[in-house]
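Summary of the model geometry
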Amino acid sequence: MAELNLDIPPPVTEENKADYLAELEKYREAEEWIKKHSINYAKEEVQVVNNKTSNLFDAFMELLFKFILSIFTYVAILLLLIFT
């Protein structure tokens, strides 16, 4: 049968009470940090979605511009061939 290596701390006593309270304070601070930064991350995520939308619009406008430019170039080449 496999042995379980459990790291079970000793019970809280008056001698080690301060150590346990300090450890609990670290956990509380870590949870607050996670909660604080999770809220900021969620806000940034919404902002990224908005940036993707504007980038999609910019990409569409650039494609439209290139399409119109290619049509004008084609017409200019035809006119040069016709009148030369």
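What you are looking at is a predicted structure, and each value in this text was computed from that prediction instead of being measured.

Parameters at a glance
- Residues numbered from 1 in each chain as written.
- Predicted model: local features only at pLDDT ≥ 70, side-chain atom pairs only at ≥ 80, totals over all residues.
- Heavy atoms only, no water.
- Helix = DSSP H or I, 4+ residues; strand = E, 2+ residues; numbered from the N terminus.
- Buried < 20%, exposed > 50% of the residue type's maximum accessible area, 1.4 Å probe, protein only.
- Areas by Shrake-Rupley, 256 points an atom, 1.4 Å probe, with all protein chains shown as cover.
- Salt bridge = Lys/Arg side-chain N within 4 Å of Asp/Glu carboxyl O.
- Polar contact = N/O pair within 3.5 Å; in protein donor to acceptor, adjacent residues only side chain to side chain.
- Contact = heavy atoms within 4.5 Å.

**Remarks on the overall build of the chain**
In terms of helices and strands, the chain carries one helix and zero strands. Buried residues in the chain amount to 1% of all 84 residues. Carbon and sulfur atoms make up 68% of the accessible area of the chain, which amounts to about 8500 Å² in all.

**Describing the pattern of salt bridges**
One pass over the full model with this rule turns up three salt bridges. With a closest N to O distance of 2.2 Å, Arg-28 and Glu-25 form a salt bridge. On the criterion of helical spacing, the pair formed by Arg-28 and Glu-25 is a turn pair, its members being three residues apart in helix H1 (residues 17–83). Classification of Glu-25 by relative accessible area gives partly exposed; the value is 31%. Residue Glu-62 is joined to Lys-66 by a salt bridge in which the shortest nitrogen-to-oxygen separation is 3.3 Å. Separated by four residues within a single helix, Glu-62 and Lys-66 lie in helix H1, roughly one turn from each other. Here Glu-62 falls in the partly exposed class, since its relative accessible area comes to 44%. Each of Glu-25, Arg-28 and Glu-32 takes part in salt bridges that share partners, so that together they form one network.

**Describing the side chain of Asn-16**
Tracing the sequence through the fold places Asn-16 in the segment before H1. Here Pro-11 takes part through its backbone oxygen, which lies 3.2 Å from a polar atom of the side chain of Asn-16. Filtering out sequence-adjacent residues up to four positions away, Asn-16 remains in contact with Pro-10 and Pro-11.

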